[in-house]
Amino acid sequence: MRKFIGWLAKKDTTGFVEKAGEKASQLYQWAGDHKRAEKLETIIEESSSNSESGKGELD
């Protein structure tokens, strides 16, 4: 699942996946599952930073 979310975040150019990930992370925090919230945030951040660094290389 981690690979799929990472791949999806890299392919998304609208920022929808990142926003959805933030909302899901907030839901996990609210539910008291802080570990899953942190994992989800890490996946989204890694994928977002990787896709941004890849875009800079192509310019």
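The rules behind these values
- Residues numbered from 1 in each chain as written.
- Predicted model: local features only at pLDDT ≥ 70, side-chain atom pairs only at ≥ 80, totals over all residues.
- Heavy atoms only, no water.
- Core = buried A, V, L, I, M, F, W, Y, C linked by side-chain atoms within 4.5 Å.
- Buried < 20%, exposed > 50% of the residue type's maximum accessible area, 1.4 Å probe, protein only.
- Helix = DSSP H or I, 4+ residues; strand = E, 2+ residues; numbered from the N terminus.
- Contact = heavy atoms within 4.5 Å.
- Arc of directions from axis to C-beta.
- Patch = residues over 30% accessible without salt bridge, like charges linked within 9 Å, V, L, I, M, F, W, Y side chains within 5 Å.
- Areas by Shrake-Rupley, 256 points an atom, 1.4 Å probe, with all protein chains shown as cover.
- Salt bridge = Lys/Arg side-chain N within 4 Å of Asp/Glu carboxyl O.
- pLDDT = per-residue confidence, 0-100.
- Expected span 1.5 Å × (residues − 1).

The next subject is the nonpolar core. Formed by Ile 5, Ala 9, Val 17, Leu 40, Ile 43 and Ile 44, the largest nonpolar core amounts to six residues. Of all elements in the fold, only α1 (2-11) and α3 (34-58) reach the threshold of two or more residues within this core. Tallying contributions element by element places α3 first for this core, with three residues. Contacts of Ile 5, omitting those with residues within four sequence positions, involve Leu 40, Ile 43 and Ile 44.

Attention now goes to α1. Burial in α1 covers these residues: Ile 5, Gly 6 and Ala 9. All buried residues of α1 lie within an arc of 100° about the axis, which places them on one face of the element. When the buried face of α1 is taken as reference, the exposed residues oriented beyond 90 degrees from it are Lys 3 and Lys 11.

On the surface, a nonpolar cluster with roughly 480 Å² of combined accessible area is contributed by Met 1, Phe 4, Trp 7 and Leu 8. Mapped onto the elements, Met 1 comes out in the segment before α1. A residue is classified by how much of its surface remains accessible, and Met 1, at 75% relative accessible area, is exposed.

In this section: the pattern of salt bridges. Taken as a whole and assessed by the stated rule, the structure comprises one salt bridge. For Asp 33, the salt bridge identified is with Arg 36, shortest N-O distance 3.9 Å. Residue Arg 36 is classed as partly exposed on the basis of its relative accessible area, which comes to 49%.

For the rest of this paragraph, the subject is the confidence of the model for the protein. The pLDDT averaged across the protein works out to 81; a share of 83% of its residues lies at or above 70. Considering each helix and strand of the protein separately, the mean pLDDT is smallest for α3, with a value of 75, and largest for helix α2 (residues 16-31), with 90.

Between the first and last C-alpha of α2 there are 23 Å, a value that for 16 residues agrees with the 22 Å anticipated at 1.5 Å per step. The complete set of buried residues in α2 reads Val 17, Gly 21 and Ser 25. Considered in projection along α2, the buried side chains sweep an arc of 75° and stay on one side of the axis. Opposite the packed face of α2, turned more than 90 degrees from it, sit the exposed residues Phe 16, Lys 19, Lys 23, Leu 27 and Trp 30.

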